[in-house]
Amino acid sequence: LRQSIAKNGGQSYYYAHANEKALPLEHRYVYGGEPARLDAPGAEQARSILTVPQAISQYSWADEGEFVCIYISADGEQDAIRAAGDGKAEQVRVDWDTRSFELRIESWPRPFALVLRNLENEIVAAECKHRVSAGKRVTLKLKKRRQITWTRLARAS
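First, a word on what this report is: a plain description of the structure on this page. Not measured: the values here are computed from a predicted model.

Describing the sheet that holds strand E7 (residues 129-133)
- As summarised here, the arrangement of the 4 strands in space is E2-E3-E8-E7, forming an open sheet in which the pairing is antiparallel. Looking at strand neighbours, the two that pair on one side only are strand E2 (60-64) and E7, the edges of this open sheet. Along the sheet, successive strands turn relative to each other by an average axial angle of 20 degrees, direction set aside.

What follows is the structure, given as structure tokens:
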């Protein structure tokens, strides 16, 4: 390594290693600190915040009068439905807005998420709801602000 650097200088294959001695020893290696227990209180919340969710891509939807319903079934998203369980342990959370929503199903090692922005029309966030049918599906009911037929779920961004 040193011979190649001395012989070829900046053209050496090992050129990146030429100035190692100029770097103080404490800066040469980076350590992650003390290990953190994953079974400690509050660790579940920290894990879910730091973990990028698996996107839910298999779903169907229908315009049903006052509501637009989105169905995530076990046929297409078996792991997400299994993680949702019966929904009573608060592992399923939905954040609603007037033109978007984010469904999040907490699980380990990786949560699941369905995020839709730019909905075709406005919804009434306070009247939207979700339901978990254990082992079968997760249903999202989006309450329409205006009673018009939706021809598509979201606008192209």
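Some points on the pattern of salt bridges
- A complete count under the given rule lists 8 salt bridges for this structure.
- When the shortest N-O distance is used, the salt bridge between Arg93 and Glu106 registers 3.8 Å. Here Glu106 lies in the loop between strand E5 (101-105) and strand E6 (112-116) and Arg93 lies in strand E4 (residues 92-96), a separation of 13 residues in the sequence.
- In this structure, Arg145 and Glu122 form a salt bridge, with 3.0 Å as the shortest nitrogen-oxygen distance. Taken together, the residues span a long stretch of sequence, with Arg145 in the segment after strand E8 (137-143) and Glu122 in the loop between E6 and E7 at a distance of 23 residues.
- By relative accessible area, Glu122 is classed as partly exposed at 32%.
- Sharing partners across several salt bridges, the network here consists of Arg93, Asp95, Arg104 and Glu106.

A few points about the sheet that holds E5
- Ordered in space as E1-E6-E5-E4, the 4 strands form an open sheet in which the pairing is mixed. Strand pairing shows two members of the sheet lacking a second neighbour, strand E1 (54-55) and E4, which therefore form its edges.
- Pairing of E5 with E6 involves 5 bridges; the strand directions are antiparallel. Counterpart to Leu103 in the pairing with E6 is Leu114.

Points about the packing of aromatic side chains
- Scanning the entire structure with this criterion turns up 1 aromatic pair.
- A ring pair is formed by Trp96 and Phe101, whose centres lie 5.7 Å apart and whose planes are at 45 degrees; its orientation type is tilted. The same class applies to Trp96 and to Phe101, which are both buried.
- Here Lys143 stacks its cationic end above the ring of Phe67, 5.5 Å away from the centre of that ring.

Observations concerning the environment of Phe112
- Mapped onto the fold, Phe112 is located in strand E6.
- Phe112 gets classed as buried once you look at its relative accessible area, which sits at 10%.
- Separated by 58 residues in sequence, Phe112 and Gln54 place their C-alpha atoms 4.6 Å apart.
- Setting aside anything within four residues of it in sequence, one finds Phe112 in contact with Pro53, Gln54, Ile56, Asp79, Ala80, Ala83, Leu103, Arg104, Ile105 and Ser107.

Looking at unusual backbone geometry
- A cis amide bond links Trp108 to the next residue, Pro109, at an omega of 15 degrees.
- In this structure, Pro109 sits in the loop between E5 and E6.
- Positive phi is not limited to glycine here, since Glu90 has a value of about 60 degrees.
- Here Glu90 is to be found in the loop between helix H4 (78-84) and E4.
- Looking at Glu90, the relative accessible area reads 69%, which means it is exposed.
- Of note, the phi angle at Asn118 is positive, near 55 degrees, even though the residue is not glycine.

Rules used in this analysis
- Residues numbered from 1 in each chain as written.
- Predicted model: local features only at pLDDT ≥ 70, side-chain atom pairs only at ≥ 80, totals over all residues.
- Heavy atoms only, no water.
- Pairing = 2+ DSSP bridges.
- Helix = DSSP H or I, 4+ residues; strand = E, 2+ residues; numbered from the N terminus.
- Axes fitted to C-alpha atoms, helices over the stretch in contact; angles between N-to-C directions.
- Salt bridge = Lys/Arg side-chain N within 4 Å of Asp/Glu carboxyl O.
- Buried < 20%, exposed > 50% of the residue type's maximum accessible area, 1.4 Å probe, protein only.
- Phe/Tyr/Trp six-rings, centres within 6.5 Å; stacked < 30°, edge-to-face > 60°.
- Lys NZ or Arg CZ within 6 Å of the ring centre and 35° of its normal.
- Contact = heavy atoms within 4.5 Å.

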